[in-house]
Structures are given as structure tokens and as C-alpha cells.
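# Structural overview
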Amino acid sequence: MASHGARGRGGGRPTLEEVAARAGVGRGTVSRVINGSPRVSDATRAAVEAAVTELGYVPNTAARALAANRTDAIALVVPEPETRFFAEPYFSDMLRGVGSQLSDTELQLLLIFAGGDRERRRLAQYLAAHRVDGVLLVSVHADDPLPDLLAQLEIPAVISGPRSAAETLTSVDSDNYGGARSAVEHLLLGGRTRIAHITGRLDVYGAQRRVDGYRDALRDAGREVDELLVEPGDFTEEGGRRAMTLLLRRRPDLDAVFAGSDVTAAGARQVLREAGRRIPDDVALIGYDDSAIARHMDPPLTSVRQPIEEMGRAMIDLLLAEIADRRPPLSRGPARRHAVLATELVTRASS
């Protein structure tokens with residue numbers, strides 16, 4: 001009876017040999033079909049797939065992974081404290097994109113925080129044991145040793161946001177330079193003349209590129225860059241409050257603020273309101289990320305949208321390609337893939 005098909009001759013799980021016998025092919029042919037090899041004819045593939053269905057055969061993924069020297073797991077490594085991960089929408093959006101792209105695969109996703117020295121030492125030991133097939137790195141700073149460790153261990157890796165223009169790892173990023181330019185150009189078109197910038201962490205290449213976009217937009221409009229209107233931040237709400245306080249102290253006549261993130265803009269907004277400045281009447285305000293924070297702020301925040309979920313999906317696609325090509329990095333040649341996704345300015349009442 002068909003209902004007995006899921007049992008092998010010994011009453012246990014069907015074996016690869018039983019599938020081969022049912023399909024009238026060799027064991028190696030069945031293995032090639034199961035592993036998706038193109039070196040099988042359509043007729044043979046159909047016969048094997050029919051035998052798999054009839055017998056209820058379930059591949060032993062653990063054995064397959066071991067034979068292929070694979071773990072069927074990838075790690076999403078965040079070299080930041082857990083508190084920042086759960087406080088900033090950027091990370092949850094990135095995780096959502098990664099998860100959605102992995103949903104059609106058999107790969108498991110491990111979320112690993114490495115914000116402290118102890119965590120980093122433990123991570124280094126874990127990676128050295130080759131317990132994952134590949135690594136996604138997000139929020140990496142310029143002096144972070146993790147990317148170089150991955151290269152030394154020859155572990156496939158994709159980084160979210162290159163460390164510099166000379167990044168050696170495959171990377172996915174948004175157009176930070178263009179996004180910043182669009183924000184400043186919007187403020188200039190609105191008649192703003194004293195535009196401040198609260199930066200992100202300047203050891204992050206993406207934050208550096210936003211500063212470049214801010215400066216070039218002003219220069220191209222014939223405006224001088226006033227360094228008193230530029231204040232370093234760290235992408236956090238507290239950093240936004242601290243920077244906004246210093247900016248108002250130095251340049252109380254400022255009439256616009258471009259913040260390095262929506263979270264930073266929320267902190268700046270609080271200080272502006274406490275100082276009696278109306279948004280946007282007295283000071284226009286623009287954030288970055290176009291997160292839920294921007295939509296729910298009062299007034300709703302103009303923000304540069306970067307496609308964070310799409311970036312997460314692109315990272316998975318590139319990482320799977322890296323895993324498929326397990327040759328040592330030096331034998332692959334110098335070419336690495338660097339994907340840059342477009343940004344979009346979403347205008348709302350704050351500007």
C-alpha cells in the first residue's frame with residue numbers, strides 16, 4: 001500500500017540504495033539529483049524524484065553537510081552591544097531582510113553579538129573551529145579586526161558597509177554620499193542657509209561618505225562649509241541630544257539640521273523643543289534611514305530612505321555565491337563584489 005512507502009525493506013527509513021533500486025539507477029546518480037547537480041538527464045531526474053516521493057525518502061542533511069565539509073549554518077555577527085541592536089530599527093530591518101532571503105534554503109541563521117573583548121575572543125575561537133559556512137558582518141568600524149580574521153580563516157563573508165574605499169571583502173551598502181547630498185540640496189532649495197550636520201560614528205565609512213555628501217552639496221551650491229555647524233555623533237538618541245546642545249551653543253542662528261540617523265534626529269528634536277525652536281518654522285530637521293521613528297515623530301520626519309531589508313537580502317545572495325566558491329581568497333583574484341543600492345529622500349512636515 002502507498003501508505004507503507006515511507007518504510008524501507010527493514011522497516012526503517014528508506015535508504016539511498018532503495019531509492020536507486022526503485023529508480024533503476026546507481027547510488028551516485030541519486031546523490032547527484034538530491035544535491036542538484038546539472039549532470040543528470042531530465043528523464044533520469046524525473047525517475048529519481050518519483051522514487052523519492054514513492055518511498056518517502058528524506059535526505060540525511062547532517063551527513064551531506066559533513067561529506068561536503070559544510071555545517072548548513074551561517075552567522076550574522078554584530079560587533080555592537082545588544083542594547084544598541086534592539087534599540088535601533090536599522091538592525092531589525094537588516095535581520096528581517098536576511099531572514100526572508102534564507103527562508104527558502106535549509107541554512108540556519110545564528111545571531112552573534114561581539115561588542116566586548118570577551119565576546120570577540122569567544123567568537124574568534126568559534127570561527128576558527130569552522131562551525132559556520134559563512135558570515136554576515138554588520139556595523140563594522142574601520143579598525144575592527146574581525147574582517148581580517150575571516151580572511152585569514154578563509155571563511156566566506158559579506159560585510160554591510162565597506163570599511164573603506166579599498167575594502168577587500170565582498171560588501172553591500174547604500175549610497176550614503178548621494179543620500180546626504182539629496183538631504184542638503186532639499187534644505188537649500190527650501191531657503192535654509194545655516195545647515196548643521198550631526199554625523200554618525202566617523203570610524204564608520206558610511207558616516208564619512210555622508211559627511212562628504214553634505215560638504216559637496218554645500219560647495220556645489222556656492223556655500224562655504226562652516227565647521228562650527230558640523231558635530232560628531234554616534235547614531236544614538238543620546239548622541240543626538242549631546243550634539244544638538246553643542247551646536248546651539250556654538251551657532252544659535254542655525255536654521256536646519258541633517259542628522260546621521262532617525263534615532264539621532266529624535267534626540268536633536270528634543271533639545272530643539274526645549275530651546276523653544278519650532279520645527280520646521282525655526283529649524284528644519286532631516287534624519288536618515290526612514291524608519292518607523294521618522295513616520296511617528298511629531299512633526300513627521302523627512303528622512304533619507306536606505307533599502308535596509310533589500311540590503312539584507314542582497315547580502316545573503318552574495319554570501320551564498322561566496323560559499324559556492326570555496327577556493328582560497330588569494331586564488332580568486334583581486335576582484336570582489338561591491339553592491340551599492342540607491343537611496344531616496346522621503347519628504348515630510350519636518351523640513
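What you are looking at is a predicted structure, and each value in this text was computed from that prediction instead of being measured.

### What about the overall build of the protein chain?
What the protein chain contains, in helices and strands, is 14 helices and 12 strands. Here the protein chain holds 351 residues, and the buried ones make up 48% of them. For the protein chain, restricting intrachain contacts to residue pairs at least 6 apart in sequence, the fraction spanning at least 24 positions comes to 70%. Accessible area of the protein chain: about 16,800 Å², with a carbon and sulfur share of 51%.

### Considering the side chain of S303
Mapped onto the elements, S303 comes out in strand β10 (residues 302-305). Polar side-chain contacts of S303 include one of 3.4 Å to the backbone nitrogen of Y288. Excluding residues within four positions of it along the chain, S303 makes contact with D262, I286, G287, Y288, D289, D290, A294, E344, L345, V346 and R348.

### Notes on the confidence of the model for the protein chain
Predicted confidence across the protein chain gives a mean pLDDT of 87, with 89% of residues reaching 70 or more. In this model residues 1-7 is a low-confidence stretch, pLDDT under 50, and it forms 12 contacts with partners more than four residues away in sequence or in other chains. Every residue in residues 327-334 is under pLDDT 50, and counting partners more than four places away or in other chains gives 7 contacts.

### What about the environment of R250?
Take R250: it is sitting in helix α11 (residues 237-250). Placed 21 residues apart in sequence, R250 and L229 show a C-alpha to C-alpha distance of 8.0 Å. Once residues within four sequence positions are removed from consideration, R250 is found in contact with L228, V230 and E231. Within the structure, R250 has its side chain in polar contact with the backbone oxygen of L228 (distance 3.1 Å).

### Focus: helix α3 (residues 42-55)
Across its 14 residues, α3 extends 20 Å between first and last C-alpha, which sits within 8% of the 20 Å expected from 1.5 Å per residue. Within α3, burial applies to V48, A51 and L55. On an axial view of α3, the arc spanned by its buried residues comes to 60°, and they lie on one face. Along α3, exposed side chains directed more than 90 degrees from the buried face belong to D42, A43 and T53.

### Looking at the sheet that holds strand β3 (residues 134-138)
Across the sheet, 6 strands lie side by side as β2-β1-β3-β4-β5-β11; this open sheet has parallel pairing. The sheet is open, and its two borders are formed by β2 (108-113) and β11 (338-341), each paired with just one other strand. Within this sheet the neighbouring strands show an average axis-to-axis angle of 20°, counted without direction. The pairing of strand β5 (residues 170-174) with β11 spans 4 bridges and is parallel. Paired with S171 across the strands is H338, a residue of β11. Across the sheet, helix α8 (residues 146-153) lies against β1 (73-78), β3 and β4 (157-160), angled at about 165° from β3, the strand it touches most.

### A look at the sheet that holds strand β9 (residues 284-289)
Taken together, the 6 strands give an open sheet; going across it, the order is β7-β6-β8-β9-β10-β12, and neighbouring strands pair in mixed fashion. Edge strands, defined here as strands with exactly one partner in the open sheet, are β7 (230-231) and β12 (344-346).

### Let's talk about the packing of helix α7 (residues 117-128) against α8
Between α7 and α8, whose axes approach to 10 Å, the crossing angle comes to 20°. Taken together, the axes of α7 and α8 lie roughly parallel to each other. As for the relative orientation of α7 and α8, their crossing is right-handed in sense. Contact residues: α7 offers R120, L123, A124, L127 and A128, while α8 offers L146, L149, L150 and L153. Here the residues of the contact of α7 with α8 are counted per class, giving 8 nonpolar, no polar and 1 charged.

### Here we look at the pattern of salt bridges
Considering all chains together, one arrives at 27 salt bridges under this definition. The partner of R96 in a salt bridge is D93, with the nearest N and O atoms 2.8 Å apart. Linking R96 with D93, this pair stays in helix α6 (residues 89-102), spanning 3 residues, or about one helical turn. Among the residues examined, R96 registers a relative accessible area of 44% and is labelled partly exposed. Judged by relative accessible area, D93 falls into the buried class, the value being 18%. We note a salt bridge from D282 to R278, for which the minimum N-O separation is 3.1 Å.

### A few points about the nonpolar core
By size, the foremost hydrophobic cluster in this structure holds 38 residues, and its most contacted members are V184, I195, Y214, M244, L254 and V257. For this core, the secondary structure elements donating two or more residues are α9 (176-189), β6 (195-198), α10 (205-220), α11, β8 (256-259), α12 (262-274) and β9. Of all hydrophobic cores here, the second largest spans 24 residues; its members include I74, V78, L136 and I316.

### Focus on the packing of helix α2 (residues 27-34) against α3
Direction vectors running N to C along α2 and α3 enclose 90°, while the axes themselves pass 10 Å from each other. As far as their axial angle goes, α3 and α2 are roughly perpendicular. Residue-level contacts link T29, V30 and V33 of α2 to T44, R45, V48 and E49 of α3.

Basis of the calculations
- Residues numbered from 1 in each chain as written.
- Predicted model: local features only at pLDDT ≥ 70, side-chain atom pairs only at ≥ 80, totals over all residues.
- Heavy atoms only, no water.
- Helix = DSSP H or I, 4+ residues; strand = E, 2+ residues; numbered from the N terminus.
- Buried < 20%, exposed > 50% of the residue type's maximum accessible area, 1.4 Å probe, protein only.
- Contact = heavy atoms within 4.5 Å.
- Areas by Shrake-Rupley, 256 points an atom, 1.4 Å probe, with all protein chains shown as cover.
- Polar contact = N/O pair within 3.5 Å; in protein donor to acceptor, adjacent residues only side chain to side chain.
- pLDDT = per-residue confidence, 0-100.
- Expected span 1.5 Å × (residues − 1).
- Arc of directions from axis to C-beta.
- Pairing = 2+ DSSP bridges.
- Axes fitted to C-alpha atoms, helices over the stretch in contact; angles between N-to-C directions.
- Parallel < 35°, antiparallel > 145°, perpendicular 65-115°, else oblique.
- Left-handed = near helix turned anticlockwise from the far one by under 90°.
- Nonpolar A, V, L, I, M, F, W, Y, C, P; charged D, E, K, R; others polar.
- Salt bridge = Lys/Arg side-chain N within 4 Å of Asp/Glu carboxyl O.
- Core = buried A, V, L, I, M, F, W, Y, C linked by side-chain atoms within 4.5 Å.

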